[in-house]
Amino acid sequence: MSVLTKIILQRLGLGLLTLFVVSVIIAFVVELLPGDITQAILGQSATPETVAAFRAEIGLDRPAPIRYLEWLQGILTGELGHSLANKREISDFFGARLSNTLFLGGVAAAISIPLALLLGVLAALYRDSIYDRVVNLTTLTSISFPEFFVAYILILFLSVNFGIFPGISNVSKDLDFVDKLFRTILPALTLTLVVVAHMLRMTRAAIINLLASPYIEMAVLKGTRPMRVILYHALPNAWGPIVNVIALNLAYLVVGVVVVEVVFVYPGVGQLLVDSVSKRDLPVVQICAITFAAVYILLNLLADIVSIISNPRLMHPR
């Protein structure tokens, strides 16, 4: 077994252990949610006997550890369970919601990653110039505002004032790709403005840190053009920290879409999570939360693997 394979298996095992711990925490926190779904469905006029019978019907009369073990067994076997609010199987509607969230995250990533790399490379090339200062000021400003504020500003200018994009992203499976992309642009731009600053600044810092290396100085002394020095000598050796910050921001694009989806009424997992919390629909809340956790852990695992591949010295501990 190669060193790289061993490291990957260790990371996978640690990721699965982390996911199990997270699932326990999620189940515990979900039990602490205020309110009772039986009272919400039956109404305040329901008698205690009716409430008790309904709780027994939907399985809430059993102890929480037993319900958690049954839920975990269902997850491992691919059975997501039933929604307590509408009695539908969660798998009937969760797949479409997850697909919408991944589509939104993919569009935002397709815009933000190339843009951040391009602006970061140019900022490193023209460091301490007016361009560099303007980019740094703009990015610091964008990450200082919360997502909902950026979203409302975009809605005000691009939807209300100029009418370029719709203010509500009511996508559905019946839309073709172009229409779905058009209705997703505003939330994707919101996410892009929030995450591009971190990737840009890390790209700039990683490249500038390498420009003082001896092999970079040798390339400069040989008369190599500055752009070629950055693209062919500095950037390949800066991939480790850049990939890490990209993976963290990709995780945010999927995990941090809750606020953006609520603002734009986007039918994704984030909107489903908020609706389910308000309804006290515990199984759906657990599925949404564990999905976010799994995506976050998977992308961090991918970042570790890419960092190790890009820097083989990490395979051999000192």
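Quick summary incoming for the structure in this document. (Residues numbered from 1 in each chain as written. Predicted model: local features only at pLDDT ≥ 70, side-chain atom pairs only at ≥ 80, totals over all residues. Heavy atoms only, no water.)

The next thing to look at is the overall build of the protein chain. Along the protein chain, the regular secondary structure elements total 14 helices and zero strands. Counting only C-alpha atoms, the protein chain reaches 85 × 60 × 35 Å along its principal axes. With 318 residues in all, the protein chain has 41% of them scored as buried. Within the protein chain, counting contacts between residues at least 6 apart in sequence, those at least 24 apart form 73% of the total. Working note: accessible area of the protein chain is about 17300 Å², and carbon and sulfur atoms make up 68% of it. Between the mean site of the 22 positive side-chain charges and the mean site of the 20 negative ones, the protein chain shows a separation of 14 Å. (Helix = DSSP H or I, 4+ residues; strand = E, 2+ residues; numbered from the N terminus. Buried < 20%, exposed > 50% of the residue type's maximum accessible area, 1.4 Å probe, protein only. Contact = heavy atoms within 4.5 Å. Areas by Shrake-Rupley, 256 points an atom, 1.4 Å probe, with all protein chains shown as cover. Lys, Arg positive; Asp, Glu negative; His and termini not counted. Charge placed at Lys NZ, Arg CZ, Asp CG, Glu CD.)

This part is about the environment of Ala247. Its location among the elements puts Ala247 in helix 11 (residues 239-255). A relative accessible area of 7% places Ala247 in the buried class. Expressed as a C-alpha distance, the spacing of Ala247 and Asp176, which sit 71 residues apart in the sequence, is 29 Å. Apart from the residues lying within four places of it in its own chain, the contact partners of Ala247 are Leu299 and Ala303.

All right, on to the layout of surface pockets then. A water-sized probe rolled over the atoms picks out the places where empty space is left. The space that makes up the largest pocket amounts to roughly 640 Å³. Of all the secondary structure elements, the ones that give two or more residues to the lining of the largest pocket are helix 1 (3-31), helix 3 (48-58), helix 4 (64-76) and helix 14 (282-310). No other element matches helix 4, which puts eight residues into the lining of the largest pocket. Considered class by class, the residues forming the lining of the largest pocket number 15 nonpolar, six polar and seven charged. Size it by volume and the second largest pocket reaches roughly 310 Å³. Elements with a minimum of two residues in the lining of the second largest pocket: helix 1, helix 4 and helix 14. Classifying every residue of the lining of the second largest pocket by side-chain character gives twelve nonpolar, two polar and no charged. (1 Å grid on protein atoms, 1.4 Å probe; cavity = no way out; pocket = protein on both sides within 12 Å on 5 of 7 lines; lining within 4 Å. Points joined across faces, edges and corners; volume = space filled by probe spheres on them. Nonpolar A, V, L, I, M, F, W, Y, C, P; charged D, E, K, R; others polar.)

Taken together, the side chains of Phe145, Phe148, Phe149, Tyr152, Ile153, Leu156, Phe157, Val160, Phe162, Ile164 and Val259 make up a nonpolar region of the molecular surface, amounting to roughly 1000 Å² of accessible area. Among the elements that take part in the nonpolar patch, helix 7 (residues 147-161) stands out by supplying seven residues, more than any other. Relative to the helices and strands, Ile153 is located in helix 7. (Patch = residues over 30% accessible without salt bridge, like charges linked within 9 Å, V, L, I, M, F, W, Y side chains within 5 Å. Salt bridge = Lys/Arg side-chain N within 4 Å of Asp/Glu carboxyl O.)

Those residues of helix 3 that fall on the buried side of the exposure criterion are Val51, Phe54 and Ile58. Buried residues of helix 3, viewed axially, fall in a sector of 65°; they line one side. Exposed and oriented more than 90 degrees from the buried face of helix 3 are Pro48 and Glu49. Following helix 3 by one or two positions, Gly59 adopts a phi angle in the positive range, close to 85°. (Arc of directions from axis to C-beta.)

Moving on, we get to the packing of helix 9 (residues 214-221) against helix 10 (residues 226-234). Interhelical geometry of helix 9 versus helix 10 gives an angle of 145° and a closest axis separation of 10 Å. When the axes of helix 9 and helix 10 are compared, the crossing they make is right-handed. When helix 9 is examined against helix 10, the residues Tyr215, Ile216, Ala219 and Val220 are found in contact with a partner set consisting of Val229, His233 and Ala234. Class assignment of the residues belonging to the contact of helix 9 with helix 10 gives a composition of six nonpolar, one polar and no charged. (Axes fitted to C-alpha atoms, helices over the stretch in contact; angles between N-to-C directions. Left-handed = near helix turned anticlockwise from the far one by under 90°.)

Right, let's get into the side chain of Asn100. Residue placement: Asn100 occurs in helix 5 (residues 90-125). For Asn100, a relative accessible area of 9% gives the class buried. For Asn100, the side chain forms a polar contact with the side chain of Lys180, separated by 3.3 Å. Those residues in contact with Asn100 that lie beyond four places of it in its chain are Val171, Lys180, Tyr266, Pro267 and Gly268. (Polar contact = N/O pair within 3.5 Å; in protein donor to acceptor, adjacent residues only side chain to side chain.)

Enumeration over the complete set of coordinates arrives at four aromatic pairs. Measuring from ring centre to ring centre gives 5.8 Å for Phe103 and Phe177, while their planes differ by 90°; the resulting arrangement is edge-to-face. Of this pair, Phe103 sits in helix 5 while Phe177 sits in helix 8 (residues 177-210), and the two are 74 residues apart along the sequence. With centroids separated by 4.9 Å and ring planes inclined at 35°, the aromatic side chains of Phe145 and Phe149 adopt a geometry described as tilted. Phe145 sits in the partly exposed class, given a relative accessible area of 38%. Positioned over the ring face of Phe103 is Lys180, at 4.7 Å from the centre of the ring. Against the face of Tyr232 rests Arg228, its NZ or CZ located 4.4 Å from the ring centre. (Phe/Tyr/Trp six-rings, centres within 6.5 Å; stacked < 30°, edge-to-face > 60°. Lys NZ or Arg CZ within 6 Å of the ring centre and 35° of its normal.)

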